[in-house]
Amino acid sequence: MAPDTGRNFGASFYHSTIELLRKGFSAVRSNFILLLCCIAVALGIFSLYNIPKSNQFKASFTVAYDDLVRKIYGDRLYKINLLVNRGDFEKVAYYLSVDKHTASTLRSVKGKNIVGEDLTDDMNTDRIPFVIKIEVTDSAAISKLQAGLVSFLEEGNAYSATTKALKIKEINDELQFIDEQLRMMDSLKRKFNDGAVATTNNQNSSATNIYDFSYELYNKRKDLLRKKSMPGTIQVIDDAIVAQASGFPMIVMVILGVIGGFLLFIVTALFIKPALKR
């Protein structure tokens, strides 16, 4: 009995599918004009959405940081994005330290963590780099906006500006201390080299320690000079050098229009049209 039941079910499913397809093709033939209208409406909707995007470009850059947490940076970028959405480009230009024309090219700015989540929702306190994504109407403004956003995140308020100034002062103070220590060690090394100090075994060991410590200070000084040359709390590690068009390609638009139009046709033919007839 089981094989017959399975065979009957398969045959029934096959005939039901054929009948459904036959009715579908029949509905398309009898409502072909309606199908074309639905496709045209869907294409029009997608085109209205895509036209503003066709003249926009998107880019992103990755930054590393050693201060605050990602959520704080995300909240500050969110506030800039609110100003952009309101069209208040005078304030955008002021906060990003760019001219108004450059600011007016900005259409959106968002902060994302390394897995693509909004920074405003990122409560982690690690130091993993994050990504800043922007959309602009002029790709030539991307580099200026990148510099402006980095400057805003570093010195956009009194706390950030004070932190950067304090960091530079601490580096200068440490460099001054190291320079004084190196001068003292140079004096001691000259005495050892000139033979002014007796060279017993213990003193030979002391001289070796002086040379080793002097080399450690030299390397520390190089590291401090590197930090002084890049005193910012944010460093760009992947510049926004490639801009991509924000809009959909034409072929994608056509495919989306056909799919959307066909779905609209099904809803109209099966529900809206019969309801109107009643």
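In this report, we go over the structure that sits alongside the text. Please read all numbers here as calculations on a predicted model, not as lab measurements.

Assigned secondary structure in the chain consists of nine helices and five strands. The linear arrangement of helices and strands in the chain, starting from the amino end, is α-α-β-α-α-α-β-β-α-α-α-β-β-α. A burial count over the chain gives 30% of its 278 residues as buried. Taking the contacts inside the chain whose residues are at least 6 apart along the sequence as the reference set, 77% of them involve residues at least 24 apart. Summing over all exposed atoms, the chain offers an accessible surface of approximately 17,900 Å²; the carbon and sulfur share of this is 61%.

So, about the pattern of salt bridges. Per the stated rule, a full pass over the model turns up eight salt bridges. We note a salt bridge from Lys71 to Asp75, for which the minimum N-O separation is 3.5 Å. Of the two residues, Lys71 and Asp75 are both situated in helix α3 (residues 70-86); the distance of four residues between them amounts to about one turn of the helix. The class for Lys71 is partly exposed, based on a relative accessible area of 24%. For Asp75, a relative accessible area of 25% puts it in the partly exposed group.

As for its placement among the helices and strands, Met250 is situated in helix α9 (residues 250-277). Sequence separation of Met250 and Asn50 is 200 residues, and the distance between their C-alpha atoms is 9.8 Å.

Our next topic: the nonpolar core. One finds Leu96, Leu106, Ile132 and Ile134 to be the most contacted residues of the largest nonpolar core, which totals 32 residues. Secondary structure elements with two or more residues in this core: β1 (57-65), α3, α4 (89-96), β2 (106-112), β3 (130-136) and α6 (142-155). Here this core gets six residues from one element, more than from any other, and that element is α6. Beyond its immediate stretch of four places on either side in the chain, Leu106 contacts Val84, Phe89, Val92, Leu96, Ile134, Glu135, Val136 and Leu145. Judged by nonpolar contacts, the second largest core, of eight residues, contains Leu175, Ile178, Leu217 and Leu224.

The next thing to look at is the environment of Asn85. In this structure, Asn85 sits in helix α3. Judged by relative accessible area, which is 55%, Asn85 ranks as exposed. Separated by 23 residues in sequence, Asn85 and Ser108 have C-alpha atoms that sit 7.5 Å apart.

Let's shift gears to α3. One turn of the α-helix equals 3.6 residues, which is why residues spaced by three or four share an orientation. Taking 1.5 Å of rise per residue, 17 residues should cover 24 Å, and α3 covers 25 Å from first to last C-alpha, within 8% of that figure. Restricting attention to buried positions, one finds in α3 the residues Arg70, Tyr73, Gly74, Arg76, Leu77, Ile80, Asn81, Leu83 and Val84. Immediately beyond the C-terminal end of α3, within one or two residues, lies Gly87, with a positive phi of roughly 75°.

Reading guide: rules and limits
- Residues numbered from 1 in each chain as written.
- Predicted model: local features only at pLDDT ≥ 70, side-chain atom pairs only at ≥ 80, totals over all residues.
- Heavy atoms only, no water.
- Helix = DSSP H or I, 4+ residues; strand = E, 2+ residues; numbered from the N terminus.
- Buried < 20%, exposed > 50% of the residue type's maximum accessible area, 1.4 Å probe, protein only.
- Contact = heavy atoms within 4.5 Å.
- Areas by Shrake-Rupley, 256 points an atom, 1.4 Å probe, with all protein chains shown as cover.
- Salt bridge = Lys/Arg side-chain N within 4 Å of Asp/Glu carboxyl O.
- Core = buried A, V, L, I, M, F, W, Y, C linked by side-chain atoms within 4.5 Å.
- Expected span 1.5 Å × (residues − 1).

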